[in-house]
Amino acid sequence: QFARAPREFFDYLRDFRFTGDLFAVPEGTPLFAGEPLLTVRAPIIEAQLPETYLLSAVSFQTLVASKAAYLGGCAATSNALAGFRFSIPVAGTAGHSWVMSFACEDGAFRKLQSALGENAVQLLDTYDVAQAARRVAALGRPLWGVRIDSGDFLECSRQVRAILDEAGLQEARIMVSGDLDEYRIRELLAAGAPIDAFGVGTQISVSADAPSLSGVYKMVEMEIGGIKRYTAKYSDDKSTIPGAKQIFRDVARDVVARSGECGRGEALLRPVILGGRLVEPLPALEQARERARESVARLSPALRQLETADPWPVIYSRELRALMEQTRANLMGTAPAS
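Residues numbered from 1 in each chain as written. Predicted model: local features only at pLDDT ≥ 70, side-chain atom pairs only at ≥ 80, totals over all residues. Heavy atoms only, no water.

1. Some remarks on the overall build of the protein chain
Scanning the protein chain for helices and strands turns up twelve helices and 16 strands. Its C-alpha radius of gyration of 27 Å places the protein chain more than 25% over the 20 Å reference for a compact globule of 338 residues. Dimensions of the protein chain, computed from the C-alpha atoms along their principal axes, are close to 80 × 50 × 35 Å. Across the 338 residues in the protein chain, those meeting the buried criterion constitute 34%. Of the contacts made within the protein chain by residues no fewer than 6 positions apart, 58% connect residues no fewer than 24 positions apart. On the protein chain, roughly 20,600 Å² of surface is accessible, and the fraction owed to carbon and sulfur atoms is 55%. Taken together, the 38 basic and 41 acidic charged side chains of the protein chain have centroids lying 4 Å from each other. (Helix = DSSP H or I, 4+ residues; strand = E, 2+ residues; numbered from the N terminus. Rg over C-alpha atoms; globule rule 2.2 N^0.38 Å. Buried < 20%, exposed > 50% of the residue type's maximum accessible area, 1.4 Å probe, protein only. Contact = heavy atoms within 4.5 Å. Areas by Shrake-Rupley, 256 points an atom, 1.4 Å probe, with all protein chains shown as cover. Lys, Arg positive; Asp, Glu negative; His and termini not counted. Charge placed at Lys NZ, Arg CZ, Asp CG, Glu CD.)

This is the structure:
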């Protein structure tokens, strides 16, 4: 594809700098189907070059954050690099290989406790959960808790809780891991399982029940010589809405409006880059996490359940609906609805 591109094109790319504007919803804000996450306003080549990156980065990261992630509510990560780069609390336990590298389980538990002290989390299910719990209980303090990585979590957690309590280790916590998702966690909590922490990996990183998030990056308007022309795509399964937009959120609904309209509630799309420069420093991860917590708490209780009967209302403003009709009429050569 680049074999016939002129040299000047590559010279342009070498010195490329984004000089346009970016408006985006603040990190940690829940959005709903049909709402724009961001708006790019720039010379056409500057707006088109980031398309592939923005689609892949924004769609995947939004998918994972929606599943949970640290921003969405997880308490810590076992990924040391993520902890180093983003100051996320790091938590983890010994692996089965640690236990199996010792001639006896007692030796593995004793050595881990000596090395980690009050942060020690002993892994119980390498051989026999109940027997391992008794060995950990015999060692006593210091101890953060224990982890169960397989088996019947409800029955095992009850059995282990009883063993720890009988040894006077009521403060020792029980963590479980292994192919957990939000539905399995809910089942265990509803059944009264004495579990204090859940380690979730695969179901967050691949989001097995919803492994992709559909998003589009489409031109919605152009300005040439001071004249605006509105654009939209009208295929049956992937149509778009013309014009730059704003989202207004009040206590009962969201209104998607034209950019520049006045609306009721909080305006969600805000300037991030103007003229190629950041308007202000991007929010820290903890700020985005706190916004997510507060924003989700303000949603109706039904939307905070795993299954929702009614979606959050998202409507289009009168001006945006009029623009949609007029644009379709202009592009399709039909008269707008009266």
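2. A look at helix H12 (residues 318-332)
Taking 1.5 Å of rise per residue, 15 residues should cover 21 Å, and H12 covers 21 Å from first to last C-alpha, within 8% of that figure. If you follow the buried residues of H12, they end up packed against strand E8 (227-230), strand E9 (234-235), strand E12 (254-258) and strand E16 (314-316). Once H12 ends, the next one or two residues include glycine 333, with phi positive near 75°. (Expected span 1.5 Å × (residues − 1).)

3. Regarding the sheet that holds E16
Pairing within the open sheet is mixed, and its four strands lie in the order E13-E11-E12-E16. Each edge of the open sheet carries a strand with a single partner, namely strand E13 (266-267) and E16. When E12 meets E16, the two strands line up parallel, connected through three bridges. Paired with valine 256 across the strands is tyrosine 316, a residue of E16. The strands touched by H12 within the sheet are E12 and E16, with E12 carrying the most contacts at an inclination of about 55°. (Pairing = 2+ DSSP bridges. Axes fitted to C-alpha atoms, helices over the stretch in contact; angles between N-to-C directions.)

4. Some words on the pairing of E8
Strand direction decides the pairing type here: strand E7 (residues 221-224) and E8, joined by four bridges, are antiparallel. Among the inter-strand pairings, isoleucine 224 is bridged to a residue of E8, identified as isoleucine 227. Here E7 folds back onto E8, and the loop between the two strands holds two residues, one of which, glycine 225, carries a positive phi near 60°.

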